[in-house]
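Coordinate inspection notes
Letter by letter, the chains look like this.
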Amino acid sequence: QVQLVVSGGGLVQSGGSLALSCAASGNIFNINVMGWYRQAPGKQRELVAAITSGGSTNYADSVKGRFTISRDNAKNAVYLQMNSLKPEDTAVYYCKADEVLAGFHRYLEVWGQGTLVTVSS
């Protein structure tokens, strides 16, 4: 069974920084894409940033230049450094892994638990 464990998050003032971490476990051979999503109250879940096993990245326009996604393939971990945070970044943040090869199984997607990020004005 593949699991994603998220850490980080919390309360920060506008303009501040926070870092999120997500580590996958479960006899994993390879993870194609790892990413961060967020869901604000009353809104749909949206992609924040994603990174492939080769290091290619994709960011939502709203976070470009402020957030940085990185990955450690050896640790099956993905990170999100969030700088210059704004109140509109307030949301529950989720980690997701796409196309996970683990044991004799291929998982199309695996979600981690959410972590709340609150940015006060």
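Each remark here, short or long, concerns the structure printed above.
Residues numbered from 1 in each chain as written. Predicted model: local features only at pLDDT ≥ 70, side-chain atom pairs only at ≥ 80, totals over all residues. Heavy atoms only, no water.

1. Considerations on the pairing of strand β11 (residues 115-120)
Within a regular strand, side chains alternate between the sheet's two faces. To be explicit about the condition: Remark: exposure states derive from per-residue accessible area (1.4 Å probe, protein chains only) relative to the maximum for the residue type, with buried under 20%, exposed over 50%, and partly exposed in between. Counting from the N terminus, the helices are the DSSP runs of H or I reaching at least four residues and the strands are the DSSP runs of E reaching at least two. Should DSSP find at least two bridges between two strands, the strands are regarded as paired.
Judged by which residues are buried, β11 turns out to be one-sided: Thr115, Val117 and Val119 face inward and are buried, whereas Leu116, Thr118 and Ser120, on the alternate face, are not. Note: strand β2 (residues 10-13) against β11, 4 bridges, orientation parallel. Bridging across to β11, Gly10 finds its partner in Val117. As paired strands, strand β9 (residues 91-102) and β11 are joined by 3 bridges and run antiparallel to one another. Looking at the pairing, Ala91 lines up with Val117 of β11.

2. Describing the side chain of Asp89
Note the cut-off: Here a polar contact means two N or O atoms within 3.5 Å. Within protein one must be a hydrogen donor candidate and the other an acceptor candidate, and residues neighboring in sequence count only if both atoms are side-chain atoms. Contacts between residues were defined by any pair of non-hydrogen atoms, one from each residue, lying within 4.5 Å.
Here Asp89 shows up in the loop between β8 (77-82) and β9. Here the side chain of Asp89 touches Arg38 through a polar contact of 2.9 Å, side chain to side chain. Among all residues touching Asp89, those that are not within four sequence positions of it are Arg38, Arg66, Phe67, Ser84, Val117 and Val119.

3. What to know about the state of the cysteines
By definition, a disulfide links the sulfur atoms of two cysteine residues through a covalent bond. Under the convention used in this document: Throughout, disulfides are identified as pairs of cysteine sulfur atoms within 2.5 Å of each other.
If you walk through the whole model with that rule in mind, you get 1 disulfide. Covalently, Cys22 is tied to Cys95 through a disulfide, its sulfur atoms 2.1 Å apart. In this structure, the disulfide formed by Cys22 and Cys95 twists by about -80° around the S-S bond and is classed as left-handed. Placement of the pair is Cys22 in strand β3 (residues 18-25) and Cys95 in strand β9, with a sequence separation of 73 residues.

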